[in-house]
Amino acid sequence: MDFISILSVFVMACFVGYYVVWSVTPALHTPLMAVTNAISSVIVVGALVAGAAEGSAISKWLGLAAVVLASVNIFGGFAVTERMLAMYKKKEKK
Amino acid sequence: MEHVAPPSWVGLAYLAAGVLFIMALRGLSSPATSRAGNRYGIIGMTIAMVTTLATHGLASLPEIIGAIAIGGGLGFVTARKIKMTDMPQLVAAFHSLVGMAAVLVGLAAYLNPYAFGISGPDGIIEVQSRIEMGLGIAIGAITFSGSVIAFLKLNGNMSGSPIMLPGRHVINLGTLVAIIGLTGYFTVDQSPWVLATITALSFLIGFLLIIPIGGADMPVVVSMLNSYSGWAAAAMGFTLHNTAMIITGALVGSSGAILSYIMCKAMNRSFISVIAGGFGAAPEAGSGGAAKVQRPWKRGAAEDAAYLMKEAENVIIIPGYGMAVAQAQHVLREMGDLLKKQGVNVKYAIHPVAGRMPGHMNVLLAEANVPYDEVFELEDINGEFAQADVAFIIGANDVVNPSAKTDKSSPIYGMPVFDVDKAKTVMFIKRSMGGVGYAGVDNDVFYMDQTMMLLADAKKMVEDINKALAH
């Protein structure tokens, strides 16, 4: 992909992010932070590439270390979001 | 290893992951759809990881599975054990990990550029990739060290009061200029020392940026670091030409930026003044000295409070962080239940900066089984205080301080506050008359005619009220 296509994706995603996040109810701002934390660990993609690549032992170990860190976030982030969201309950109808 | 263009399904898979992440955030527009949203996020992440492993990782699969198991296990256990009051620390800690992961990935890409497709077999990295790499590492390092300081402050390992270095603005600006300058130089000289210096200076500035920021501004800092972690992921996405990373980075970056904006607005503070730091330091001598005149106030007992609330039609409860510190949320919900049994209309009013991070108080109330449709935001409920018989303030202070509306010299002037003075009766739970709020200012609400001060530990006081209500 050339730079302009990548930049286009980025700029569009910023706008999507802007509108989507404003529509998040303030009551869920803490889960929002927890889940953005989890998804920003998609950086694990880069870590996996480094961890799997041949050619540089140091690079590989750095990659594996990054996989560990990102995995803490992915599993921890989604799990804690799930835990929080499960607590939000509506008033019982009488 | 030859560089062949990846099959087109790979690009589509990353795009699908990006779209699922958008849907994950979209789900959070209402508690009813939020859990489905979280599932979309999990599916998106699974697609992204499986795609990468299928195209790259088959060679060293055992090591990678091991790394995922170690990290994933740690994260999962932490997520299950963490107390909801400690959520801001956890989020800060998670931010630091994203930052560090970005730094490590950036360094790995620098050491093995050919594997990342950003250099020819000769190892000369493309100029554009050098800028992206430098920026990604810099933002990642700032996110890491900044989040570590935020974590230490929130967790109480470090004092919440600002640490002011002399000449810090000059030092910070100089460091920032040096980082940008070196990133520019990196495009002509890809020697290790250049990238190493960028990395070191970025760790340093993340640390320097957060130490002067006081505890009261932590909600802004946590949101800001959330944003940085997103931009770090986006910069790495540019380096790796990966759509999933770019879309996610942009989403998270905007999310954190919007939350920072909301927090700043809720405290009527400009973003620049938060970054400049120092808020919440000891008040200057002279200011407030005149206000220290003893003024009369009324003290109430739990029985009086219980009686008045039982007779009331509308009660609005305003919880603040002090409630969470006293672990009073569960007894507070019991109080709400007892009042509802008496036919009282009970609502909870939440200020955007109640708690230590955006939405923190809502989570704490949800944990105590308060239904979310009884919980209202500042602008939705502020008009209802005129009809309220009782405004019940527990663990909050600055967010009900009328001097934010009237006193131009007050440090919290202009901050939107609850109009509790319009309620017929105000009940204010406070440990003693001595302490002041986070911002260090006196509160006129204590001395109003209709105010009843309930001086005790918040949990103890609500328990006593509950006992009186049960009679």
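Residues numbered from 1 in each chain as written. Chains lettered and ligands numbered in written order. Predicted model: local features only at pLDDT ≥ 70, side-chain atom pairs only at ≥ 80, totals over all residues. Heavy atoms only, no water.

Student: It is not clear to me how the overall build of chain A should be interpreted in this structure. Could you clarify?
Tutor: Within chain A one finds four helices and zero strands. Helices (α) and strands (β) of chain A occur, in sequence order from the N terminus, as α-α-α-α. In terms of overall dimensions, chain A has a C-alpha envelope of 65 × 30 × 15 Å along the principal axes. When each of the 94 residues of chain A is scored for burial, the buried share is 64%. In chain A, once contacts between residues fewer than 6 apart in sequence are set aside, the share between residues at least 24 apart is 65%. Surface accessibility of chain A: about 3,600 Å² in total, with carbon and sulfur atoms responsible for 72%. The distance from the centre of the 7 positive side-chain charges to the centre of the 4 negative ones in chain A is 21 Å. (Helix = DSSP H or I, 4+ residues; strand = E, 2+ residues; numbered from the N terminus. Buried < 20%, exposed > 50% of the residue type's maximum accessible area, 1.4 Å probe, protein only. Contact = heavy atoms within 4.5 Å. Areas by Shrake-Rupley, 256 points an atom, 1.4 Å probe, with all protein chains shown as cover. Lys, Arg positive; Asp, Glu negative; His and termini not counted. Charge placed at Lys NZ, Arg CZ, Asp CG, Glu CD.)

Student: Please explain the overall build of chain B as it appears in this structure.
Tutor: The helix and strand tally for chain B stands at 17 helices and six strands. Considering only contacts within chain B whose residues lie at least 6 apart along the sequence, 77% involve residues at least 24 apart. Surface accessibility of chain B: about 18,700 Å² in total, with carbon and sulfur atoms responsible for 63%. Charged side chains of chain B number 30 positive and 33 negative; the gap between the two group centres comes to 5 Å.

Student: Please clarify how unusual backbone geometry should be interpreted in this entry.
Tutor: All names here are of chain B. With a phi close to 50°, Asn-268 is a non-glycine residue in the positive phi region. Structurally, Asn-268 can be placed in the loop between α9 (243-266) and α10 (271-276). The class of Asn-268 is partly exposed, set by a relative accessible area of 42%. Positive phi, close to 70°, is recorded for Asn-369, a residue that is not glycine.

Student: What should I look at first to understand the nonpolar core in this one?
Tutor: Across soluble globular proteins, nonpolar side chains show a tendency to be buried alongside one another. Residues and elements named next belong to chain B. Counting 192 residues, the largest nonpolar core has Met-309, Met-335, Phe-392, Ile-394, Phe-418, Val-420 and Ile-465 as its most contacted members. For this core, the element with the most residues is helix α4 (residues 87-111), which contributes 14 residues. When sequence neighbours within four positions are dropped, the list of residues in contact with Val-420 reads Ile-318, Phe-385, Ala-391, Ile-393, Val-400, Val-426 and Val-445. (Core = buried A, V, L, I, M, F, W, Y, C linked by side-chain atoms within 4.5 Å.)

Student: Looking at this structure, I do not really get the pattern of salt bridges. What am I missing?
Tutor: Where charged atoms from two side chains of opposite charge come close, those side chains can pair. Residue and element names in this part refer to chain B. Throughout the structure, instances matching the rule amount to 15 salt bridges over all chains. Between Asp-419 and Lys-405 there is a salt bridge, with the nearest N and O atoms lying 2.7 Å from each other. One end of the pair, Asp-419, is in the loop between α16 (403-406) and β5 (425-430); the other, Lys-405, is in helix α16, and 14 residues separate them in sequence. Since its relative accessible area comes to 39%, Lys-405 is described here as partly exposed. Taken together, the salt bridges that share partners define one network made up of Arg-333, Asp-337, Lys-340 and Glu-374. (Salt bridge = Lys/Arg side-chain N within 4 Å of Asp/Glu carboxyl O.)

Student: Teacher, can you tell me more about the interface of chain A and chain B here?
Tutor: Many descriptions give the size of an interface as the accessible area lost when the pieces come together. Counting residues at the interface gives 79 residues for chain A, matched by 101 residues for chain B. Across the chain A to chain B interface the summed buried area is about 8,200 Å²; carbon plus sulfur atoms make up 77%. Its largest share of buried area at the contact with chain B, chain A owes to Met33(A), Ile43(A) and Arg83(A), together 9% of the area lost on that side. The partner of Lys60(A) in a salt bridge is Glu63(B), and the shortest N-O contact between them spans 3.3 Å. Joining chain A to chain B, the criterion identifies 21 residue pairs in polar contact (both at pLDDT 80 or more). (Buried area = accessible area lost by both parts, 1.4 Å probe. Polar contact = N/O pair within 3.5 Å; in protein donor to acceptor, adjacent residues only side chain to side chain.)

Student: Please explain the sheet that holds strand β2 (residues 345-350) of chain B as it appears in this structure.
Tutor: Strand pairing in a sheet relies on backbone hydrogen bonds, with the paired strands running either antiparallel or parallel. Residues and elements named next belong to chain B. Overall, parallel pairing links the six strands, which are arranged β3-β2-β1-β4-β5-β6 in an open sheet. The open sheet terminates on both sides in strands that have one partner only, identified here as β3 (375-377) and β6 (451-455). Across this sheet, the average inter-strand angle for adjacent strands is 25°, counted without regard to direction. Here four bridges tie strand β1 (residues 314-319) to β2, and the two strands are oriented parallel to one another. Considered in β2, the bridge of Asn-314 is made with Asn-345. (Pairing = 2+ DSSP bridges. Axes fitted to C-alpha atoms, helices over the stretch in contact; angles between N-to-C directions.)

Student: Is there a simple way to explain the side chain of Glu377(B) in this structure?
Tutor: By the element assignment, Glu377(B) lies in strand β3. Here Glu377(B) sits buried without a salt bridge, and the closest side chain of opposite charge, Lys265(B), lies 12 Å off (N-O distance). Residue contacts for Glu377(B): discarding those within four places in its chain leaves Pro26(A), Ala27(A), Ile350(B) and Asn362(B).

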